[in-house]
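Geometric and topological summary
Chain by chain, the residues:
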Amino acid sequence: MAISQAMCTSFKAELMLAVHDFRSASGDTFKLALYTSSASIDANTTAYTASGESSGTNYTAGGQALTNAGVTATNTNATAGTGFADFDDETFSNVTVTARGALIYNSTPSANGTANTTLTNAAVCVLDFGADKTSTDGDFTVIFPTADAANAIIRIA
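Within each chain, residues carry numbers counting from 1 in the order of the written sequence. With the structure being a predicted model, the display of local features is reserved for residues of pLDDT at least 70 and the display and counting of side-chain atom pairs for 80 or more, all residues being used for whole-chain, interface and lining totals. Neither water nor hydrogens contribute to the side-chain values; these are computed over all heavy atoms in the structure.

**Quick word on the environment of Thr-98**
A run of H or I in DSSP counts as a helix once it spans at least four residues, and a run of E counts as a strand once it spans at least two, with each numbered from the N terminus. Position of Thr-98 relative to the elements: it lies in strand 6 (residues 90-106). Between the alpha carbons of Thr-98 and Ala-13 there is a distance of 32 Å; along the sequence they are 85 residues apart. Once you skip the residues sitting within four places of it in the chain, Thr-98 turns out to touch Thr-36, Ser-54, Asp-132, Lys-133 and Thr-134. Any pair of nitrogen or oxygen atoms within 3.5 Å is treated as a polar contact; in protein, a donor-acceptor pairing is required on top of that, and neighbouring residues in sequence qualify only through side-chain atoms on both sides. A distance of 2.9 Å separates a polar atom in the side chain of Thr-98 from a polar atom in the side chain of Thr-134. Throughout, a residue-residue contact means that at least one pair of heavy atoms, one from each residue, lies within 4.5 Å.

**What to know about the packing of aromatic side chains**
Stacked, edge-to-face and tilted are the three classes for Phe, Tyr and Trp ring pairs, Trp counted by its six-membered ring, which pair at centre distances within 6.5 Å; planes under 30 degrees apart are stacked, over 60 edge-to-face, the rest tilted. For the structure on display, the rule yields nine aromatic pairs. Look at Phe-92 and Phe-140: their rings are 6.5 Å apart centre to centre, the planes differ by 75°, and that puts the pair in the edge-to-face class. In this pair, Phe-92 is assigned in strand 6 and Phe-140 in strand 7 (residues 122-142), connecting sequence segments 48 residues apart. A simple rule labels every residue: compare its accessible area, found with a 1.4 Å probe on the protein chains alone, to the largest value its type can have, and call it buried under 20%, exposed over 50%, or partly exposed in between. Owing to a relative accessible area of 1%, Phe-92 belongs among the buried residues under this scheme. These aromatic residues form a ring-pair network of at least three members: Phe-11, Phe-22, Phe-30, Phe-87 and Phe-144.

**What to know about the sheet that holds strand 5 (residues 81-87)**
When DSSP locates at least two bridges between a pair of strands, those strands are taken to pair. Spatial strand order, 4-5-8: three strands in an open sheet with antiparallel pairing. What marks the edges here is a single partner per strand, and that holds for strand 4 (68-75) and strand 8 (154-156). If you compare each strand with its neighbour and ignore which way they point, the axes differ by 15° on average. Of the pairings in the sheet, the one linking strand 4 to strand 5 comprises seven bridges and is antiparallel in character. Counted as the bridge partner of Asn-68 is Phe-87 from strand 5. Angles run from 0 to 180 degrees between N-to-C directions of axes, and those axes are lines fitted to C-alpha atoms, restricted for helices to the stretch in contact.

Right under this line is the structure:
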């Protein structure tokens with residue numbers, strides 16, 4: 001079992017099918033769920049799973065909704081640029097929980113799944129914290145990288 005940081009392969013295909021709406025106003029709802037080191041989530045993860053999810057005082061299965069900061073595009077030269085999406089840092093308040101990683105997923109995806117299948121809780125990306133992180137009766141905060149073309153958590157160059 002392992003957590004491997006990656007953009008989910010299914011997410012890449014779903015972008016072409018207009019499944020995910022990252023607009024900050026009236027866009028989809030993206031959530032962040034925390035996982036223990038026993039979880040098996042990686043680039044092949046297609047949807048939220050409770051298997052290996054963290055549990056603890058004041059942590060709710062399925063995680064929390066992220067505040068979407070919207071989409072930005074930057075041109076780095078005359079022929080290419082980067083589009084990126086970002087979220088505000090996410091704090092799980094007053095929790096006792098241990099997590100090795102997290103999954104960002106879309107809890108309200110469009111029904112434009114592959115072969116017209118209905119999608120539920122479509123996976124976006126897996127985050128690996130590098131080691132177990134623990135909060136005991138305190139705040140557990142996931143700090144997202146700088147929202148720019150080189151660092152944003154979700155970016156297409």
